[in-house]
Amino acid sequence: MQKDLRIVIIGAGMAGILAAIRLLENNYKNFTLYEKADQVGGTWRDNSYPGLTCDVPSHHYTYSFERNPAWSRHYSPGPEIKEYFQNVFKKYNLQKYTKFGAEVKSMDFISNQWHLGLADDFNDTADVVIGATGVLHHPKMPDIAGIDSFQGHIFHSSKWQHELELENLNVGVIGNGSSGVQIVGALGGECKSLFHFQRTAQWMMPLDNGIFSSEEQVAFQDPKIMNEAMQFDEYFDAVNRYSQALLDMESDGAKEMANICKDNLIENVKDVELRKKLTPDHRPLCKRLVWSSDYYPAIQHPKSELVVESISEIVRDGIVLANSRKIELDVIVLATGFKVDSFLRPINVKGLDAIKLNDYWSPTPKAYLSISLPKFPNLFLLNGPNGPVGNFSLIDIAEHQMNYILQLISYINENKINHIEPKHNITEEYEAKRAEAAKKTVWYQGGCNSWYLNDEGIPASWPWTYKDFVEAMKEPKLENFSFKS
Ligand code: NAP
């Protein structure tokens, strides 16, 4: 039987599509999925730079209920992932529930309902709102003097200008996180000249991205074979080692991973000077680990140069370094990352007693178990603040979170609850415990700066094991919530 609750999902990326499918499965049909862009896909729609690849193994980077036997490679190229989400969206007929070009601008909780204001004076109300707005969405532009004076092409890595033919152009890439490294890995030897501007060296894990044969793709159609391809001891060992290495940088797992990164550098970069420039001064995994076997060959290509002198300014035709050297450029790619603490913002959200989300999240975002916030009833976030990061599949994470959220929604529905919110003291205690544990991780102790750290310098992430996360998501502890009927 259809359930009456009126639900709004914000964002038609991986998490929003998941939320919609799971609502339908549970007979919640009175919902709308609002998407501000004109197509689905979230980060996989926005990012289309050369070399874009997911560093989670392909078969693990899918919904658990929609495995994909047809991936072309062990680690999927971005365009295939985008297509995968488009196909799932179509398969579940989500078009019927979705409004594109519909940006939610404001949300006010009044008389037990969320009142949503959208662009073009369109309004809606909802009993429950699920925020699925993503983390790596708002580009972070670097604060470099003269950036507006550049007369060539300058763009963020998530806004690739495909019409440009780079073959005869001098290209500069600023930033060497996963995006910058993948871009340089793909462009090495493909431009007239390629300059990679590195502020902080990165540790790099080799990534052997093999092709799946057509025989394998056919075999993966058998769920048993697909399962075998996913559930093998080496994979679980790698996940455990990774988890251990993040939480304890003196652990065997951490040492093992550090040795792989070090050997990777030594084996693949023979020039001592270049190797020195590429050697980080922090512990592996302190920054999000970068996976690539393309980067070292690409940066050693005769047409490439690694630039480690800091940038002084951008001028009309290039970049001037602190030592006054000028590098003339036709194109500058800003692979400078994302504002990772926006979440629902810039939506102007007001909860009970007109409390503003901006104020509640000052100085830094927090949420009970990353999902719900005191004073913001019936609002649930997928991949919200301080949630699991690391290199785990965010799809799997979102599935566990959605399972938890569905139980709360079901409680609201069955008990005719008007609103549900986590208790203030429970949320504060949780956040204090989380911050304490986060200070023991390599993200805090590894001697680096990274986008994992919030404005207070605390890692904004789940600081316990993956197993702990799964356990926490099994069932909401209702005693930690306040209810109003
Ligand atoms: P990022 O990891 O935040 O890296 C930003 C880079 O820009 C850093 O190297 C940073 O240097 C540099 N930078 C920023 N401002 C600068 C300035 N003013 N001058 C010089 N350099 C500057 O961003 P990202 O590479 O876009 O990656 C973000 C996240 O997206 C990843 O960590 C990952 O979670 C995700 N991602 C995943 C994949 C995948 O394969 N799954 C691919 C791409 C992205 P410093 O290090 O010195 O700060």
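Residue positions within a chain follow its written sequence, with the count starting from 1. It should be noted that, the model being predicted, local features are given only for residues of pLDDT at least 70 and side-chain atom pairs only at 80 or more, the latter also being counted only at that level, while totals for whole chains, interfaces and linings use all residues. By convention in this description, side-chain values take in all heavy atoms of the structure and omit both hydrogens and water.

**Structural notes on the layout of surface pockets**
The distinction between a cavity and a pocket rests on a 1 Å grid over the protein atoms alone: a 1.4 Å probe fits inside a cavity but cannot get out, while a pocket stays open yet meets protein on both sides within 12 Å along at least five of seven lines, and a residue with an atom within 4 Å of a point counts as lining. Grid points are joined across faces, edges and corners, and a volume is the space filled by probe spheres set on the points. Reported here for the second largest pocket is a volume of approximately 1,200 Å³. Taken together, 40 residues line the second largest pocket, and the ones lying closest to its centre are Pro 57, His 60, Tyr 235, Phe 236 and Val 239. Secondary structure counts use DSSP, requiring at least four H or I residues in a row for a helix and at least two E residues in a row for a strand, with both numbered from the N terminus. Secondary structure elements with two or more residues in the lining of the second largest pocket: helix H6 (223-230), helix H7 (233-247), helix H8 (252-268), helix H12 (394-415) and helix H15 (466-474). Ranked by residue count, the leading element in the lining of the second largest pocket is H7, at nine residues. Any residue that is not Ala, Val, Leu, Ile, Met, Phe, Trp, Tyr, Cys, Pro, Asp, Glu, Lys or Arg is counted as polar, Gly included; the first ten are nonpolar and the last four charged. Within the lining of the second largest pocket, the residues separate by chemical class into 21 nonpolar, 12 polar and seven charged. All the domain ranges listed were derived from an automatic or database domain assignment. The residues that make up the lining of the second largest pocket include at least three from each of domain 1 (7-138 + 339-484) and domain 2 (147-203 + 250-334).

**Quick word on the pairing of strand E18 (residues 331-334)**
The buried label goes to any residue with under 20% of its type's maximum accessible area, the exposed label to any with over 50%, and the partly exposed label to all in between, with areas taken from a 1.4 Å probe on protein chains only. Burial along E18 is two-sided: Val 331 and Val 333 and Ile 332 and Leu 334, pointing in opposite directions, are all buried. Where strand E10 (residues 170-174) lies against E18, four bridges are found, and the strand directions are parallel. From the neighbouring strand, Val 171 faces E18, where its bridge partner is Val 331. Note on pairing: two strands pair once DSSP finds at least 2 bridges between them.

**Points about the packing of helix H1 (residues 14-25) against H12**
At their nearest, the axes of H1 and H12 sit 10 Å apart, and the two run at 40 degrees to each other. Between H1 and H12, the interaxial angle falls into the category oblique. As H1 packs across H12, the resulting crossing turns out to be right-handed. Every residue of H12 that contacts H1 at Met 14, Leu 18, Ala 19, Arg 22 and Leu 23 is listed here: Leu 394, Ile 395, Ala 398, Glu 399, Met 402, Asn 403, Leu 406 and Ile 409. Looking at side-chain class alone, the contact of H1 with H12 contains 10 nonpolar, one polar and two charged residues. Lines fitted to C-alpha atoms define the axes here, with helix axes fitted over just the stretch in contact, and angles between the N-to-C directions of these axes take values from 0 to 180 degrees. Here the angle decides the label: under 35 degrees means roughly parallel, over 145 means roughly antiparallel, 65 to 115 means roughly perpendicular, and every other value means oblique. Crossing handedness is read from the near helix: turned anticlockwise from the far helix by less than a right angle, it gives a left-handed crossing, and turned clockwise, a right-handed one. Should any heavy atoms of two residues lie within 4.5 Å, those residues are considered in contact.

**A look at unusual backbone geometry**
Following Arg 345, the chain continues into Pro 346 via a peptide bond in cis, with omega recorded as 15 degrees. Residue Pro 363 follows Ser 362 across a cis peptide bond; omega there is 5 degrees. Among the structural elements, Pro 363 can be located in the loop between helix H11 (357-360) and strand E21 (379-381). Although it is not a glycine, Ser 111 adopts a positive phi angle of roughly 45 degrees. Note that Ser 111 resides in the loop between strand E4 (104-110) and strand E5 (113-118). Here the phi dihedral of Asp 120 falls at roughly 60 degrees; this positive angle occurs in a residue that is not glycine. Mapping Asp 120 onto the fold places it in the loop between E5 and strand E6 (123-126).

**Section: the pattern of salt bridges**
Any Lys or Arg side-chain nitrogen found within 4 Å of a carboxyl oxygen on Asp or Glu counts as a salt bridge. Using the criterion set out here, one finds 16 salt bridges in the structure. Across the salt bridge formed by Arg 241 and Glu 256, the nearest N and O atoms sit 3.1 Å from each other. Taken together, the residues span a long stretch of sequence, with Arg 241 in helix H7 and Glu 256 in helix H8 at a distance of 15 residues. Residue class for Arg 241 comes out partly exposed when judged on its relative accessible area of 24%. On the basis of relative accessible area, Glu 256 is assigned to the partly exposed category, the value being 39%. Through salt bridges with shared partners, a single ionic network connects Glu 35, Arg 45 and Asp 46.

**Focus: the domain arrangement of the protein**
Examined at the domain level, the protein breaks down into domain 1 (7-138 + 339-484) and domain 2 (147-203 + 250-334). Inter-centroid distance (C-alpha atoms) of domain 1 to domain 2 is 31 Å. Counting residues at the interface gives 20 residues for domain 1 and 19 residues for domain 2. Defined here as a combined quantity, buried area equals the accessible surface (1.4 Å probe) lost by two parts on assembly, summed across both. With both chains or domains summed, domain 1 and domain 2 bury close to 1,600 Å², and 53% of this area falls on carbon and sulfur atoms. Here domain 1 is connected to domain 2 by one salt bridge. In this structure, Asp 55 engages Arg 288 in a salt bridge whose closest nitrogen and oxygen atoms are separated by 2.9 Å. Definition of a polar contact: a pair of N or O atoms within 3.5 Å, with one able to donate and the other able to accept a hydrogen when the atoms are protein atoms, and with sequence-neighbouring residues admitted only if both atoms are side-chain atoms. For the pair domain 1 and domain 2, the interface holds six residue pairs in polar contact (both at pLDDT 80 or more). Class assignment for the residues of the side of domain 1 that touches domain 2 results in eight nonpolar, 10 polar and two charged.

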